[in-house]
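Residues per chain, in single letters:
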There are 2 protein chains.
Amino acid sequence: MSASVAPLRKLVLLGTGLIAGSFALALRRAGLVAQIVGVDCCEGNLQRALARSVIDVASLNAAAAVQGADLVFLGAPVGQMGKLMQAIAPHLTADCIVTDAGSTKQDVCELYRTHLAGHLAQCVPAHPIAGSAQSGAAAASDDLYQGRRLVLTPLPESSHVAVERVRALWQACGAEVCTMTAAEHDGIFAAISHTPQLLAYAYMNAVLDNPDAARCLDFAATGFRDFTRIAGSNPDMWRDIALANRCAILTELKQSAARIDELIALVESADGPGMRAFFERASVARNAWNMK
Amino acid sequence: MSASVAPLRKLVLLGTGLIAGSFALALRRAGLVAQIVGVDCCEGNLQRALARSVIDVASLNAAAAVQGADLVFLGAPVGQMGKLMQAIAPHLTADCIVTDAGSTKQDVCELYRTHLAGHLAQCVPAHPIAGSAQSGAAAASDDLYQGRRLVLTPLPESSHVAVERVRALWQACGAEVCTMTAAEHDGIFAAISHTPQLLAYAYMNAVLDNPDAARCLDFAATGFRDFTRIAGSNPDMWRDIALANRCAILTELKQSAARIDELIALVESADGPGMRAFFERASVARNAWNMK
């Protein structure tokens, strides 16, 4: 147990997938939680979470589950969060902290304001920058957050005590915690997460437009594999993110489109030195980059 | 030794990097070559090739080296191939086969026609679909081609005997050999190799255009890492490829640009169902794809 962090008596996970499940397992390993209750609309996932001891108690009823909780973790897709907040609002004890793992933050902050207006001091929006090719409780792991970033985007109303409590719990999971505004968060992630995702979908569709697409794909190799890996991601999740972060994504997408138009002009005019400068700027930056 | 393939007496590598060096090591392991001579303008690379027994003899003089060779392997960048062909043309014995590993094929076929016009029956253009994050003789490996594709794009003048000889040697290296026209090759690789490469450069430059680019990059994670991996590639090599395969690349790049414009319109109009369909078409195809 981390000496300076008081343990949770009752943690409630709303959604028991990879992200929530890994948070639970990491807190359990740190000795920082007495009881974990999991709520999920997918019974199969709930059973796997029980079987792997990700949770101690399974429930299909969020309102009943949160009674007496000292931390509620919203680990469901952003599209379901509003409904969940609405359901739990009347049943939260006054000091129960509510946090989430949504990958867009301005829209989630809006949801807190709408559905938990009387409870905002205890609400701490957050986004763990971690994932895995696998999903679900079956893939949850107590070291998913080890050395990974966790972004807090506190509301103006969030109490210092609540923010520091959430920070300490994530640090106990091994995460490196930083704080910014929800708008900053959404701008940064539009640039380095949402836009490459949409470009990968667009490129994949362009390949499929070829009359001999199947033959082309037959010869695709490691460069294609890595460039398009994210194009295999869940369409529902990304539609939600694209809708939630529309403005920032449009800015970034248009910036990429402008650069592609510039490149088309360079290729059209067979401008070797221009291409070389264009490619070199990118390759120098990419080779200098290291993942945190 | 592969029972049905006659060994080479003298193999000459023009360029002793990863691709040529791995070809040499694989043939040596198969017992299919008596002597390997390496020619490189980079003396350091030549010394590493000697030290690792990739080659038996090092030379700085292509014209002198090819004398008495029964196979010449052009493993240098496409931009240097014309000069090399010109240098070796007067010194090839009549039955010496000349092949290459250029990643564009229509332009290399043109070079064969220009510089080895009297020797076309023995010329067999080829492209091994393999690579590594490392380069140079130091990274050469005898199993680089194991299970990988090798595309032959014979000239109308290439003799059947020469084509079958090159095919058998590559098969002995573990490669799966297929044959197509140079134009087919260049169209396919524009779609699944050259265009993603240029899109990755363009996206990387778009990120760098952000006033807070350094902060954005600081939060970039695994999706960004894989999507931009190829943006770290050599700018000179890719300028040469973009110039060599301009027309096919322009067609594919414009197809991607059109799809990105379509996507911008979908995001602008907050068209959730339209986005979902767009994303799903891509993700279904990507998840169905398997690398050969």
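Residues numbered from 1 in each chain as written. Chains lettered and ligands numbered in written order. Predicted model: local features only at pLDDT ≥ 70, side-chain atom pairs only at ≥ 80, totals over all residues. Heavy atoms only, no water.

Draft legend 1. Here's a closer look at the sheet that holds strand 8 (residues 149-152) of chain B. All names here are of chain B. Across the sheet, which stays open at both edges, the 3 strands sit in the order 7-8-9 with mixed pairing between neighbours. Both edges of this open sheet fall to strand 7 (126-128) and strand 9 (176-179), since each of them pairs with a single strand only. When strand polarity is set aside, the average angle formed by the axes of neighbouring strands in this sheet is 20°. Pairing geometry for strand 7 and strand 8, over 3 bridges, is antiparallel. Counted as the bridge partner of His127 is Val151 from strand 8. (Pairing = 2+ DSSP bridges. Helix = DSSP H or I, 4+ residues; strand = E, 2+ residues; numbered from the N terminus. Axes fitted to C-alpha atoms, helices over the stretch in contact; angles between N-to-C directions.)

Draft legend 2. Representation of the pattern of salt bridges. Within this structure, the stated rule accounts for 38 salt bridges over all chains. One salt bridge in this structure joins Asp226 of chain A and Arg225 of chain A, with 3.0 Å as the shortest N-O distance. Among the residues examined, Asp226 of chain A registers a relative accessible area of 13% and is labelled buried. Classification of Arg225 of chain A by relative accessible area gives partly exposed; the value is 32%. Each of Asp236, Arg239 and Asp240 of chain A together with Arg276 and Glu280 of chain B takes part in one network of salt bridges that share partners. (Salt bridge = Lys/Arg side-chain N within 4 Å of Asp/Glu carboxyl O. Buried < 20%, exposed > 50% of the residue type's maximum accessible area, 1.4 Å probe, protein only.)

Draft legend 3. A look at the interface of chain B and chain A. Opposite the 83 residues of chain B that make contact, chain A presents 83 residues. Carbon and sulfur atoms make up 66% of the surface buried where chain B meets chain A, a total of about 8,200 Å² over both sides. It is Phe219, Phe227 and Arg286 of chain B that lose the most area in chain B upon contact with chain A, and together they represent 9% of the buried surface on that side. Our enumeration of links across chain B and chain A arrives at 14 salt bridges. The shortest N-O distance in the salt bridge between Arg281 of chain B and Asp209 of chain A comes to 3.2 Å. Viewed at the interface, chain A and chain B are joined by 41 residue pairs in polar contact (both at pLDDT 80 or more). (Contact = heavy atoms within 4.5 Å. Buried area = accessible area lost by both parts, 1.4 Å probe. Polar contact = N/O pair within 3.5 Å; in protein donor to acceptor, adjacent residues only side chain to side chain.)

Draft legend 4. Local environment of the packing of aromatic side chains. All told, the structure shown has 21 aromatic pairs over all chains when counted by the stated rule. Ring centres of Tyr145 of chain A and Trp170 of chain A lie 4.7 Å apart, and the angle between their planes is 90°; this geometry places the pair in the edge-to-face category. In this pair, Tyr145 of chain A is assigned in the loop between strand 7 (126-129) and strand 8 (149-152) and Trp170 of chain A in helix 6 (residues 160-172), connecting sequence segments 25 residues apart. Of the two residues examined, Tyr145 of chain A and Trp170 of chain A, each falls in the buried class. Here the aromatic rings of Phe279 of chain A and Tyr201 of chain B are separated by 4.4 Å at their centres, their planes lie at 15°, and the arrangement is stacked. With one member in each of two chains, Phe279 of chain A in helix 12 (residues 272-288) and Tyr201 of chain B in helix 7 (residues 182-208) form a pair that bridges those chains. Taking the relative accessible area as the measure of exposure, Phe279 of chain A reaches 0% and is therefore buried. Residue class for Tyr201 of chain B comes out buried when judged on its relative accessible area of 0%. Each residue in the set Tyr203, Phe224, Phe227 and Trp289 of chain A together with Tyr203, Phe224, Phe227 and Trp289 of chain B is aromatic and connected to the rest through ring pairs, giving one cluster. Looking at Arg149 of chain A, its charged tip hangs above the ring of Phe219 of chain B, at a distance of 4.4 Å from the centre. (Phe/Tyr/Trp six-rings, centres within 6.5 Å; stacked < 30°, edge-to-face > 60°. Lys NZ or Arg CZ within 6 Å of the ring centre and 35° of its normal.)

Draft legend 5. Structural view of the packing of helix 4 (residues 78-88) of chain B against helix 5 (residues 106-115) of chain B. Residues and elements named next belong to chain B. Helix 5 packs onto helix 4 with a crossing angle of 15° between their chain directions and a minimal axis gap of 9 Å. Considering their axes alone, helix 4 and helix 5 lie roughly parallel with respect to each other. Crossing of helix 4 over helix 5 shows right-handed handedness. Of helix 5, the residues touching helix 4 (which contributes Val78, Met81, Gly82, Met85 and Gln86) are Asp107, Val108, Leu111, Tyr112 and His115. For the contact of helix 4 with helix 5, the per-class residue count stands at 6 nonpolar, 3 polar and 1 charged. (Parallel < 35°, antiparallel > 145°, perpendicular 65-115°, else oblique. Left-handed = near helix turned anticlockwise from the far one by under 90°. Nonpolar A, V, L, I, M, F, W, Y, C, P; charged D, E, K, R; others polar.)

Draft legend 6. Quick look at the domain arrangement of chain A. Residues and elements named next belong to chain A. When the domains of chain A are assigned, the result is domain 1 (8-180) and domain 2 (184-288). Each of domain 1 and domain 2 has a C-alpha centre, and these two points are 32 Å apart. Taken together, the contacts link 11 residues of domain 1 with 10 residues of domain 2. Both faces considered, domain 1 and domain 2 share a buried interface measuring about 870 Å² in area, 66% of it formed by carbon and sulfur atoms. Among the residues domain 1 hides against domain 2, the three largest losses belong to Ser103, Thr104 and Met180. Together they make up 51% of the total. At the boundary of domain 1 with domain 2, the tally comes to 0 salt bridges. Between the two partners, domain 1 and domain 2, sit 3 residue pairs in polar contact (both at pLDDT 80 or more). Looking at the side of domain 1 that touches domain 2, the elements that each hand over two or more residues are helix 5 (106-115) and strand 7. Its residues assigned to classes, the side of domain 1 that touches domain 2 comprises 3 nonpolar, 6 polar and 2 charged. (Domains from an automatic or database assignment.)

Draft legend 7. The arrangement of empty space enclosed by the protein in detail. According to the stated counting rule, one finds 3 cavities of 30 Å³ or more in the structure shown. Looking at the largest cavity, its volume works out to about 50 Å³. Along the walls of the largest cavity sit Asp218, Phe219, Ala220 and Ala221 of chain A together with Ile129, Arg148, Arg149, Met291 and Lys292 of chain B, which together make up its complete lining. Here the lining of the largest cavity is built from residues that sort into 5 nonpolar, no polar and 4 charged. (1 Å grid on protein atoms, 1.4 Å probe; cavity = no way out; pocket = protein on both sides within 12 Å on 5 of 7 lines; lining within 4 Å. Points joined across faces, edges and corners; volume = space filled by probe spheres on them.)

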